[in-house]
Amino acid sequence: MLQRIQTIWVFLAVLAAVFLFVTGQDVAVFGTIPVINIACVALVLVGLLSVFSFKNRKRQILLNNISMIINALLIGVLAYWLLNLSGGIQFPEKGIEPVFPLIAVICLLIANVYIRRDERLVKSVDRLR
């Protein structure tokens, strides 16, 4: 069932994590620890695990919620990084890195809506049997 609409939304969230990995190479928040890279790899793994656990919708919702928590933490870390850069928040040449976790959270929320809709549909069909 990889052709479901929620799979597309989860893939978009994974794609946002990949874009953050590519564009976030210059982000140095906590010294030499590559926090952004580690979080992006974790997001890609959790997202792909969520896509391929389509038979267990409750696990899929749980994995999406875990991914949303990681993305929310990334938004906070990237906002902290932006505020500590020289030039202040109005500096126009700052990166677009905080946008990618925000897009991923929105995509995962939409995916969870469709997963819950599928869960309700399956339960209603089971009642008819």
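Keep in mind the model is a prediction, meaning the values are calculated, not measured. (Residues numbered from 1 in each chain as written. Predicted model: local features only at pLDDT ≥ 70, side-chain atom pairs only at ≥ 80, totals over all residues. Heavy atoms only, no water.)

Student: Explain the packing of aromatic side chains to me, please; I cannot follow it from the model alone.
Tutor: Centre distance and the angle of the planes are the two values used to describe a pair of aromatic rings. Taken as a whole, this structure holds 1 aromatic pair when the rule is applied. Between Phe-19 and Phe-100, the aromatic rings sit 5.9 Å apart at their centres with planes inclined by 50 degrees, giving tilted as the arrangement. Taken as a pair, Phe-19 in helix α1 (residues 5-23) and Phe-100 in helix α4 (residues 99-128) lie far apart in primary sequence, 81 residues in all. Overall, Phe-19 belongs to the partly exposed group, its relative accessible area being 41%. (Phe/Tyr/Trp six-rings, centres within 6.5 Å; stacked < 30°, edge-to-face > 60°. Helix = DSSP H or I, 4+ residues; strand = E, 2+ residues; numbered from the N terminus. Buried < 20%, exposed > 50% of the residue type's maximum accessible area, 1.4 Å probe, protein only.)

Student: Just to check I follow, could you spell out the environment of Leu-48 for this structure?
Tutor: Assignment of secondary structure puts Leu-48 in helix α2 (residues 35-51). The spatial distance from the C-alpha of Leu-48 to the C-alpha of Val-10 is 8.2 Å, given a sequence separation of 38 residues. Not counting residues up to four positions away in its chain, the partners in contact with Leu-48 are Phe-11 and Val-14. (Contact = heavy atoms within 4.5 Å.)

Student: I tried to follow the nonpolar core on my own but got confused; where do I start?
Tutor: A general tendency of soluble globular proteins is for nonpolar side chains to be buried together. One finds Leu-20, Val-27, Ile-36, Leu-74, Leu-78 and Trp-81 to be the most contacted residues of the largest nonpolar core, which totals 26 residues. Secondary structure elements with two or more residues in this core: α1, α2, α3 (57-84) and α4. Beyond its immediate chain neighbours, meaning those up to four positions away, Val-27 contacts Ile-36, Leu-78, Trp-81 and Glu-97. (Core = buried A, V, L, I, M, F, W, Y, C linked by side-chain atoms within 4.5 Å.)

Student: Teacher, can you tell me more about the packing of α1 against α2 here?
Tutor: Two numbers describe a pair of packed helices, the interaxial angle and the distance between the axes. Relative orientation of the contacting elements α1 and α2 amounts to 165 degrees, with a least axis distance of 9 Å. Here α2 runs roughly antiparallel to α1, going by the angle between their axes. Judged by the sense of rotation from one axis to the other, the crossing of α1 with α2 is left-handed. For the pair α1 and α2, contact is made by Thr-7, Val-10, Phe-11, Val-14, Ala-17, Val-18, Leu-20 and Phe-21 and by Ile-36, Asn-37, Cys-40, Val-41, Leu-43, Val-44, Gly-47, Leu-48, Ser-50 and Val-51, respectively. When grouped by side-chain class, the residues that make up the contact of α1 with α2 number 14 nonpolar, 4 polar and no charged. (Axes fitted to C-alpha atoms, helices over the stretch in contact; angles between N-to-C directions. Parallel < 35°, antiparallel > 145°, perpendicular 65-115°, else oblique. Left-handed = near helix turned anticlockwise from the far one by under 90°. Nonpolar A, V, L, I, M, F, W, Y, C, P; charged D, E, K, R; others polar.)

Student: Before we go on, may I ask you to explain the environment of Leu-63 in this structure?
Tutor: With respect to the helices, strands and loops of the structure, Leu-63 is situated in helix α3. Exposure remark for Leu-63: the relative accessible area of 9% places this residue in the buried category. Along the sequence, Leu-63 and Ser-50 sit 13 residues apart, while their C-alpha atoms lie 5.8 Å from each other.

Everything listed here is a matter of coordinates, which is why it stays silent on function.
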